[in-house]
Amino acid sequence: MDRRKFLKVMGGAGLALPGLWSASSCAPAVINPDTGTGLSFGYVCGDVGSESALVWLRAEADSRVTLRYGKEPGLAQFQTTPVRTVDAGADQTAIFSLDRLTPSTRYYYRAMVEGRSAGPIASFVTAPRPDDNAKVSFCFSGDTRQSYKPFTVMQAVRARRPDFFLHLGDTIYADRNGAARSLEEFWNKYRINRDDTAAQSCFSETSIYVMWDDHEVEDDYMPGHPLALIGRKAFLDYWPVRRPAPESEQIYRAACWGRAVDLIILDTRQYRAADRSSMLGHRQKEWFFDRLASSNATFKFVGTTVPMAGGGKDRWDGYPKERAEILRYIQQAKITGVVFLSADLHYAAVTKIPKSHGLLDITAGPLAAPLNRVTNSANRRYEFFLAENFNFAKITVDPKVNGNEALLEFIDQDNRVFYTRRIRA
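Residues numbered from 1 in each chain as written. Predicted model: local features only at pLDDT ≥ 70, side-chain atom pairs only at ≥ 80, totals over all residues. Heavy atoms only, no water.

**Concerning the nonpolar core**
A general feature of soluble globular proteins is that nonpolar side chains tend to end up buried together.
Moving on, step 1. Membership of the largest hydrophobic core comes to 97 residues, with the highest contact counts inside it found for M154 and F301.
Moving on, step 2. Element by element, the count of residues in this core is highest for helix α5 (residues 228–238), at six residues.
Moving on, step 3. Filtering out sequence-adjacent residues up to four positions away, F301 remains in contact with F138, V261, D262, L263, I264, V339, L341, I395, V397 and A406.
Moving on, step 4. Core analysis: the second largest hydrophobic core is formed by 20 residues, M308, W316, V338 and F340 among them. (Core = buried A, V, L, I, M, F, W, Y, C linked by side-chain atoms within 4.5 Å. Buried < 20%, exposed > 50% of the residue type's maximum accessible area, 1.4 Å probe, protein only. Helix = DSSP H or I, 4+ residues; strand = E, 2+ residues; numbered from the N terminus. Contact = heavy atoms within 4.5 Å.)

Below is the structure:
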């Protein structure tokens, strides 16, 4: 698709759902830049490694921006990135790469728009070196729908002080509260969700890894959907995602957090082929197997966005042959410490994956979306199930205490732990 067609308006948005949020995506979210700093929102730091990180921001049109960053909280000493001009073709956003960082270190940063006051100071922590026996804790969940703002659950995430947060899809609901049909309308969905004080405060103190699911385009969409490319562009315009090349479609990736944790994030959307019974596609699946086999981490946490068992044909239940192939590979290669992480079904659960020789799927959420009142919680595959609150999961691995165990905690929007479990590698 050429650029002119890609950016062309593809029709009006639909009406808001009755009884929910009154605005729709056809009424643009007018987010005026802060008159002092020239910045529209807070920052989002993402895809942090032991020596690198990405920082996303948005500023007023044609702004020239740089980042100052360093290890001192007040930035009395700092390094500076090259000046960037925000991209009109990406809704006045820019993504900066910070490189040659020190592992296991908290960094502080702020944006400077030319001719404006300095932006606020935010921070993140870099990953440990691959051979470091460091303690790692992270939170994960999914599903943030604009009609459920404010996203107060993010205050609880912030209070838990994770090393990073993993958002497993449905970061917007492009097909709800006025369906997005043009690039501008997709951008507008991200503006609405990003304009949230609780989320901004959380993102100011930790970093994020993010993967898309169906509602970034349309419910249960398949490859070839006419809005898929527009939805992907808007997603990449509004989230810091490290890709092999600037124009690459690949957003599946992995991150090493010392000897304790390897984080593997699968793209379960854009490579689906129902006729071949494949959710991942050949290239991604081979990459996934190679990553599992080469990982020296005690735990390999695999984010799939959709659960490994249950939920119908749009989830792994609809791709049983490939699921069986994955489980068989893990068994035959004798790969230990594999734990699947998922969201999408709007409940908190620990699922014993059938025919997996004991592997678990931990499902968290929603952060802010309708609760699941349909699923039969008495199903034997559930070790734990609850669909009564907005929630997220926190996982902690501390090699200095017991490196062969991970602590799982489910936490609600009021920062109360409502379930705990220890998972052995």
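From this point, the discussion proceeds with the structure in view.
**Brief notes about the packing of aromatic side chains**
Moving on, step 1. This model, assessed by the stated rule, comprises 27 aromatic pairs.
Moving on, step 2. Ring centres of W56 and Y238 lie 5.3 Å apart, and the angle between their planes is 40 degrees; on these two criteria the pair is classed as tilted. Linking W56 in strand β2 (residues 53–58) with Y238 in helix α5, this pair joins segments that are 182 residues apart in sequence.
Moving on, step 3. Since its relative accessible area comes to 0%, W56 is described here as buried.
Moving on, step 4. Note on Y238: relative accessible area 0%, which makes it buried. (Phe/Tyr/Trp six-rings, centres within 6.5 Å; stacked < 30°, edge-to-face > 60°.)

**Points about the sheet that holds strand β14 (residues 299–305)**
Moving on, step 1. With respect to topology, seven strands assemble into an open sheet ordered β12-β13-β14-β15-β17-β16-β18, the strand pairing being mixed. Each of the sheet's edge strands pairs with one partner strand only, and the pair in question is β12 (253–257) and β18 (382–386). In this sheet, adjacent strand axes meet at a mean angle of 20 degrees when their direction is disregarded.
Moving on, step 2. Where strand β16 (residues 348–352) and strand β17 (residues 360–363) come together, four bridges link them in antiparallel fashion. Bridge pairing in β17 links K352 to L360.
Moving on, step 3. Lying on the sheet, helix α6 (residues 282–294) is in contact with β12, β13 (261–265), β14 and β15 (338–342); it crosses β13 at an angle near 175 degrees. (Pairing = 2+ DSSP bridges. Axes fitted to C-alpha atoms, helices over the stretch in contact; angles between N-to-C directions.)

**Some words on unusual backbone geometry**
Moving on, step 1. Between K149 and the following residue, P150, the backbone shows a cis peptide bond with an omega angle of 0 degrees.
Moving on, step 2. Along the chain, P150 turns up in the loop between β9 (136–141) and α2 (153–159).
Moving on, step 3. Along the chain, G365 connects to P366 via a cis peptide bond; the corresponding omega equals 0 degrees.
Moving on, step 4. Examined against the element boundaries, P366 turns out to sit in the loop between β17 and β18.
Moving on, step 5. One non-glycine residue, L75, adopts positive backbone phi at about 55 degrees.
Moving on, step 6. Following the sequence through the fold, L75 ends up in the loop between β3 (64–70) and β4 (79–80).
Moving on, step 7. On the accessibility criterion, L75 (7% relative accessible area) is buried.

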